[in-house]
Amino acid sequence: MLIRVLFYICLIDFGISISNQADLSISKHFHIACLILNTDNQFIANYTQENSLLPYQTFSSSNMSIELCFRLCRQWIIFMDKNHTNCICLYTMTKLYQVNEFLGQIVSVNSCSSDSLQIHSLTKDFDVLLPTLSSTYDWSLDGCYYLHGIQTYQANLLLNNINNYSRSLDDCRKHCQITRQTNYFSFFLSLRKSCYCLPIQISSTNTAKAVRKPLIHCSFLSYIKNGFENSLNTSEINSDTVVKINVQLYCSSTFIFDRILYICLKLISLNTQNTYAKVNTHENCLPILIKTYEQWNYLKSKSFPFRTRTFIRIDRNSTYIFDDLFKSKNNLLASDELCLVINQLHFNRSLSFDLVLCSTANTLGSVLCAQKPMTPVIVDQAEFKMM
């Protein structure tokens with residue numbers, strides 16, 4: 001009798017395991033970049049660590065595959081070594097700029113080395129929503145859900161007459177931002193293009209049953225569907241399927257959020273009325289921190305006005321600028337306001353650059369003004385009940 005009970009328990013566990021694997025079956029994925037880990041972060045790739053309570057997990061097996069790694073991590077993005085034997089899951093960093101800031105250097109696929117980690121994603125572009133929407137927003141896809149009876153709740157906005165989901169997302173976002181009067185919010189967009197600003201209003205007689213669905217259920221968004229080798233018909237997707245999107249406004253108006261430097265930037269032209277001192281005071285410009293060659297290389301690759309000087313105030317802790325690039329400029333280091341001045345000489349992007357006193361900025365140039373990203377005020381309010 002005991003043997004029979006144990007047999008049934010094992011059978012149930014086996015069935016659940018198979019079901020979980022099928023739940024997130026991956027048929028198509030993309031190698032989008034590589035990660036060169038900093039020296040003090042090498043342990044993430046070198047040591048097996050399967051404790052799910054820690055911010056990362058590292059699985060190692062000679063039978064590891066990209067598909068299995070996706071199933072183990074249940075994440076939109078995974079990291080693997082060159083031999084595809086080590087699978088690394090990150091749980092506290094969901095954006096590539098966070099990985100680049102804290103763990104190492106993100107490089108293109110063509111620049112991958114033998115000791116770098118491969119980054120695989122379920123879509124060609126990791127930030128699947130960003131290209132279609134305003135660049136001042138940082139969007140994140142929280143997931144696809146089956147929300148029982150969502151069609152019976154009062155939608156905040158009906159978008160049935162709009163032809164594409166990209167436009168629907170943007171209109172829903174704008175509407176919810178006005179409705180919630182906050183820069184941090186979340187919303188649902190249903191298969192039938194109904195927009196729900198969260199938290200949704202649920203009557204006391206109903207209970208919301210929200211179940212997170214496999215990523216394959218996001219396929220009714222055309223530009224997400226392109227990331228999957230999947231031919232689901234609309235009839236095969238439950239009408240109660242919705243996509244939840246979180247939105248955070250990082251920058252004030254006219255500033256653009258830079259994902260590599262993790263700051264808000266704005267290029268401002270100088271003139272007789274708009275001097276360097278006035279720009280700094282009016283816009284509350286902050287110095288930019290450049291600690292690595294990669295950050296400097298990225299900064300100088302940005303587009304600057306042709307044949308005009310661009311002044312960039314540099315943080316005194318910018319070790320690469322002061323210890324490497326301009327080590328000979330010791331006579332300037334006593335000043336609190338030092339600026340990199342960059343001059344784009346030709347249309348082929350050849351540059352000249354120097355370290356000068358910011359007070360030398362003149363009207364024949366511009367200022368790259370930087371501000372810290374806004375800190376959102378997150379209201380601790382349940383959006384729906386998980387059943």
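Residues numbered from 1 in each chain as written. Predicted model: local features only at pLDDT ≥ 70, side-chain atom pairs only at ≥ 80, totals over all residues. Heavy atoms only, no water.

The name given to the protein chain in an unreviewed UniProt entry is Apple domain-containing protein, with the source organism recorded as Rotaria socialis.

**Notes on the overall build of the protein chain**
Stated precisely, the cut-off is as follows: Going along the chain from the N terminus, every DSSP run of H or I of four or more residues is numbered as a helix, and every run of E of two or more is numbered as a strand. Only protein chains enter the accessibility calculation, which uses a 1.4 Å probe; a residue is then buried when its area is under 20% of its type maximum, exposed when over 50%, and partly exposed in between. Residue burial considers only the protein chains on display, and all accessible areas are found by Shrake-Rupley using a 1.4 Å probe.
Assigned secondary structure in the protein chain consists of nine helices and 18 strands. Burial status across the protein chain gives 45% buried among its 387 residues. Carbon and sulfur atoms form 51% of the exposed surface of the protein chain, whose accessible area is close to 20700 Å².

**Observations regarding the pairing of strand β3 (residues 77–80)**
This is how it is decided: One bridge is not enough; two strands pair if DSSP finds at least two bridges between them.
Residue alternation in β3 divides its side chains into two sets, Ile77 and Phe79 and Ile78 and Met80, and both sets are buried. Taken together, the two bridges between β3 and strand β4 (residues 86–90) define a ladder with antiparallel strand orientation. Across the sheet, the residue bridging to Met80 is Cys87, located in β4. The hairpin turn running from β3 into β4, its antiparallel successor, is five residues long, and His84 in that turn takes a positive phi close to 60°.

**Side note on the pattern of salt bridges**
Heads up, the condition is: By salt bridge we mean one thing: a side-chain nitrogen of Lys or Arg within 4 Å of a carboxyl oxygen of Asp or Glu.
Overall, the coordinates contain four salt bridges when judged by the stated rule. Across the pair Asp170 and Arg173 runs a salt bridge whose closest N-O atoms are separated by 2.8 Å. One end of the pair is Asp170 and the other is Arg173, both in helix α5 (residues 165–180) and three residues apart, which spans about a single turn. Using a relative accessible area of 16% as the deciding quantity, one classes Asp170 as buried. Of the charged contacts, one joins Lys302 and Asp258 as a salt bridge, the two residues approaching to 3.2 Å between their closest N and O atoms. Here Lys302, found in the loop between α8 (293–300) and β15 (309–313), pairs with Asp258, found in strand β13 (residues 256–258); they are 44 residues apart in sequence, far enough to count as distant. Using a relative accessible area of 4% as the deciding quantity, one classes Asp258 as buried. One network of salt bridges, in which partners are shared, links Asp170, Arg173 and Lys174.

**Observations concerning the nonpolar core**
To keep things clear, this is the line we draw: Think of a nonpolar core as a cluster: buried Ala, Val, Leu, Ile, Met, Phe, Trp, Tyr and Cys residues, connected wherever their side-chain atoms sit within 4.5 Å. Residues count as neighbours in contact if any of their non-hydrogen atoms are within 4.5 Å of one another.
The biggest cluster of nonpolar side chains holds 20 residues, and the ones touching the most others in it are Ile288, Ile290, Trp296, Leu299, Ile312, Ile321 and Leu340. Here Ile290 is in contact with Leu261, Gln295, Trp296, Leu299, Ile314, Ser318, Thr319, Tyr320 and Ile321, once residues within four sequence places are set aside.

**Notes on the environment of Ser335**
Considering the arrangement of structural elements, one finds Ser335 in the loop between α9 (319–325) and β16 (338–344). Classification of Ser335 by relative accessible area gives partly exposed; the value is 22%. Sequence spacing of Ser335 and Val356 is 21 residues, and the spatial spacing of their C-alpha atoms is 9.9 Å. Excluding residues that lie within four positions of it along the chain, Ser335 makes contacts with Arg316 and Leu357.

**A closer look at the sheet that holds strand β14 (residues 263–269)**
Sheet strands pair via backbone hydrogen bonds, and the direction of the pair is either parallel or antiparallel. Worth spelling out the cut-off: Angles shown run from 0 to 180 degrees and are taken between the N-to-C directions of axes, each axis being a line fitted to C-alpha atoms and, for helices, limited to the stretch in contact.
Pairing is mixed across the open sheet formed by six strands, whose spatial order is β13-β14-β18-β15-β16-β17. Pairing within the sheet leaves two strands with one partner each, and these edge strands are β13 and β17 (351–357). Ignoring which end each strand starts from, the neighbouring axes of this sheet average 30° apart. Contacting β14, β15, β16 and β18 (365–371), helix α7 (residues 276–283) crosses the sheet at an angle of about 20° to β18.

**Description of the state of the cysteines**
Here is the rule we go by: The disulfide criterion is simple: two cysteine sulfur atoms within 2.5 Å.
One pass over the full model with this rule turns up eight disulfides. Here Cys73 engages in a disulfide with Cys89; their sulfurs sit 2.0 Å apart. What sets the handedness of the Cys73 and Cys89 disulfide is the S-S torsion sign, and at about -70° it is left-handed. Taken together, the residues span a long stretch of sequence, with Cys73 in helix α3 (residues 66–73) and Cys89 in strand β4 at a distance of 16 residues. For the pair Cys73 and Cys89, a shared accessibility class is recorded, and that class is buried. In this model Cys251 forms its disulfide with Cys264; the gap between the sulfur atoms is 2.2 Å.

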